[in-house]
Amino acid sequence: MGVAPRHVKEKVLVSVLDDIIAGVRLDLAERQRTTSEAALLDAIAAREAQHGGALEVTSRLKRASGVQVIAEVKRKSPSKGHLAEIADPAALASEYETGGAAAVSVLTEQRRFNGSLADLDAVRERISIPILRKDFIVEPYQVLEARAHGADLVLLIVAGLAPQQLAELHEQITALGMTTLVEVHEESELDAALACPGGLIGVNARNLKTLEVDNDTFGRLVGRVPADRVRVAESGIGGPADVARFASEGADAVLIGEALVKGNEPQQALQNILAAGRRTA
């Protein structure tokens, strides 16, 4: 069997992100049929009356003591398949908090990651540190969901959004008192990300259009990110050695899922990673 021409291969691979977003939109439409925006706004008002506003994020992630960790509740992924059962996401998040995580990321995408908003609710009820809703956000309704279910941060993926969409979603997230983690995969996406004032800048080593990982991505792009922004390294982080590398390249935080969920001692794994990321005088 011959090898497919390069242009054919690229056309197929580009559809990975598109396919994920298409599934997200189908699931979103179902939720919109059962829960109105008015109901979400009521839930936001009730949550803030009972628990207060979203937690401040930037100061927790940009500390002189070393690289901080956003620890992820992650059952599966499109690239690796099944990772862990995680029958009790709140218990895992509690271990992360005890182990020293600065924030917890909760995947809420259903089809490719086996996550849900119920996971977000469960984690929010258990921990006191900031929570990131990690999903493929394409509509304002999802931002309302994030706040209604207790998120403090929301992921925005530059590759999946038109510039105007990105700007409008960032503005909405900020208006609701949350913080954005604006994710880039290549240099051409940086200008749009940096135009989102106050947003954390995530550099993902995994290209969501191809699912390939290039651990040199962070080092190539971080020089263009101003020092006053929180710089987050994402994907391709297998353990302490990778964290030490990203620390040396200027990361303020790392987002880690697979390396924590696949082991039996997430607290210890997290503490090892934090030790590797400590800054020395």
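In this numbering scheme, every chain counts its residues from 1 along its sequence in written order. Totals for whole chains, interfaces and linings use every residue, but because this is a predicted model, local features are given only for residues with pLDDT of at least 70 and side-chain atom pairs only at 80 or more, for both listing and counting. Excluding hydrogens and water, the side-chain figures rest on all heavy atoms present in the structure.

**Some points on the pattern of salt bridges**
In the sections that follow, a salt bridge refers to a side-chain nitrogen of Lys or Arg positioned within 4 Å of a carboxyl oxygen of Asp or Glu. Tallying each qualifying case throughout the model produces 19 salt bridges. When the shortest N-O distance is used, the salt bridge between lysine 80 and glutamate 258 registers 2.9 Å. Taken as a pair, lysine 80 in the loop between strand S2 (76-77) and strand S3 (81-82) and glutamate 258 in helix H11 (residues 258-261) lie far apart in primary sequence, 178 residues in all. Burial classes follow relative accessibility: with a 1.4 Å probe on protein chains only, a residue under 20% of its type's maximum area counts as buried, one over 50% as exposed, and anything between as partly exposed. Judged by relative accessible area, which is 46%, lysine 80 ranks as partly exposed. Within this structure, Arg31, Arg133, Asp135 and Glu145 form a network of salt bridges that share partners. Secondary structure elements follow DSSP: runs of H or I no shorter than four residues count as helices, runs of E no shorter than two count as strands, and numbering proceeds from the N terminus.

**A closer look at the nonpolar core**
Nonpolar cores are built from buried Ala, Val, Leu, Ile, Met, Phe, Trp, Tyr and Cys residues. Side-chain atoms within 4.5 Å join them into one set. In this structure, Tyr96, Val104, Phe136 and Val254 are the most contacted members of the largest nonpolar core, which totals 87 residues. Sort the elements by how many residues they give to this core and helix H1 (residues 6-34) lands first, with six residues. Valine 104 has contacts with Ile70, Ala71, Val73, Ala93, Tyr96, Val123, Ile127, Ile129, Pro130, Ile131 and Leu132, leaving out every residue within four places of it along the chain. Contacts are residue-level and defined by heavy atoms, with any inter-residue pair within 4.5 Å sufficient.

**Considering the packing of aromatic side chains**
Here is the rule: rings of Phe, Tyr and Trp (six-membered ring for Trp) pair when centre to centre is within 6.5 Å. Planes less than 30 degrees apart are stacked, more than 60 are edge-to-face, and the remainder are tilted. Scanning the entire structure with this criterion turns up two aromatic pairs. Ring centres of phenylalanine 113 and phenylalanine 136 lie 6.1 Å apart, and the angle between their planes is 35°; on these two criteria the pair is classed as tilted. Of this pair, phenylalanine 113 sits in the loop between strand S4 (103-107) and helix H5 (117-126) while phenylalanine 136 sits in the loop between strand S5 (131-134) and helix H6 (140-148), placing them 23 residues apart in sequence. Phenylalanine 136 matches phenylalanine 113 in its accessibility class, with the two residues each being buried.

**Describing the packing of helix H10 (residues 240-249) against helix H12 (residues 266-276)**
Fitted lines through C-alpha atoms serve as axes, helices being fitted only where they are in contact, and the angles separating the N-to-C directions of these axes extend from 0 to 180 degrees. Close contact between H10 and H12 brings their axes to 8 Å; oriented N to C, the two are set at 30°. Taken together, the axis directions place H10 and H12 in an arrangement best described as roughly parallel. Judged by the sense of rotation from one axis to the other, the crossing of H10 with H12 is right-handed. Contacts between H10 and H12 involve Pro240, Val243 and Ala244 on the former and, on the latter, Asn272, Ile273 and Ala276. Class assignment of the residues belonging to the contact of H10 with H12 gives a composition of five nonpolar, one polar and no charged. By the definition adopted for this analysis, an angle is roughly parallel if under 35 degrees, roughly antiparallel if over 145, roughly perpendicular if from 65 to 115, and oblique otherwise. For any pair of crossing helices, the crossing counts as left-handed if the nearer helix is rotated counterclockwise from the farther one by less than a right angle, and right-handed if it is rotated clockwise. Classification used: nonpolar for Ala, Val, Leu, Ile, Met, Phe, Trp, Tyr, Cys and Pro, charged for Asp, Glu, Lys and Arg, polar for all others including Gly.

**Things to note about the pairing of S5**
The side chains of a regular strand alternate between both faces of the sheet. Neither face of S5 is open: one carries Ile131 and Arg133, the other Leu132 and Lys134, and all of them are buried. Paired strands, in this sense, are two strands between which DSSP finds at least two bridges. Judged from the four bridges that link them, S4 and S5 form a sheet pairing that is parallel. Looking at the pairing, valine 104 lines up with isoleucine 131 of S5. Call a crossover right-handed when, viewed with both strands pointing away from you, the route from the first strand across the helix to the second goes clockwise. Of the crossover connections in this fold, the one passing from S4 over H5 to the parallel S5 is right-handed. Sheet topology places S5 next to strand S6 (residues 153-157); two bridges connect them, and they run parallel. Counterpart to leucine 132 in the pairing with S6 is leucine 153.

**Focus on the sheet that holds strand S8 (residues 200-204)**
Read around the closed barrel, eight strands run S1-S4-S5-S6-S7-S8-S9-S10, paired in parallel fashion. The sheet shows a mean angle of 25° between the axes of neighbouring strands, taken without regard to direction. Contacts from helix H7 (residues 163-175) reach S6 and strand S7 (179-184), with the element oriented near 175° to S6.

**A closer look at the environment of serine 79**
With respect to the helices and strands, the residue serine 79 is situated in the loop between S2 and S3. For serine 79, the contacting residues outside a window of four places in its chain are Arg206 and Leu211. N or O atoms within 3.5 Å of each other form a polar contact, as long as, within protein, one can give a hydrogen and the other can take it, and as long as residues adjacent in sequence are counted only when both atoms are side-chain atoms. In this structure the side chain of serine 79 is engaged in a polar contact, spanning 3.4 Å, whose partner is the side chain of arginine 206.

**Brief notes about the pairing of S7**
The buried fraction of S7 is high, at six of six residues. With burial as the criterion, each face of S7 is covered, one bearing Thr179, Leu181 and Glu183 and the other bearing Thr180, Val182 and Val184. Where S7 lies against S8, four bridges are found, and the strand directions are parallel. Note that in S8 the partner of valine 184 across the bridge is valine 203.

The values are spatial; any link to function lies outside them.
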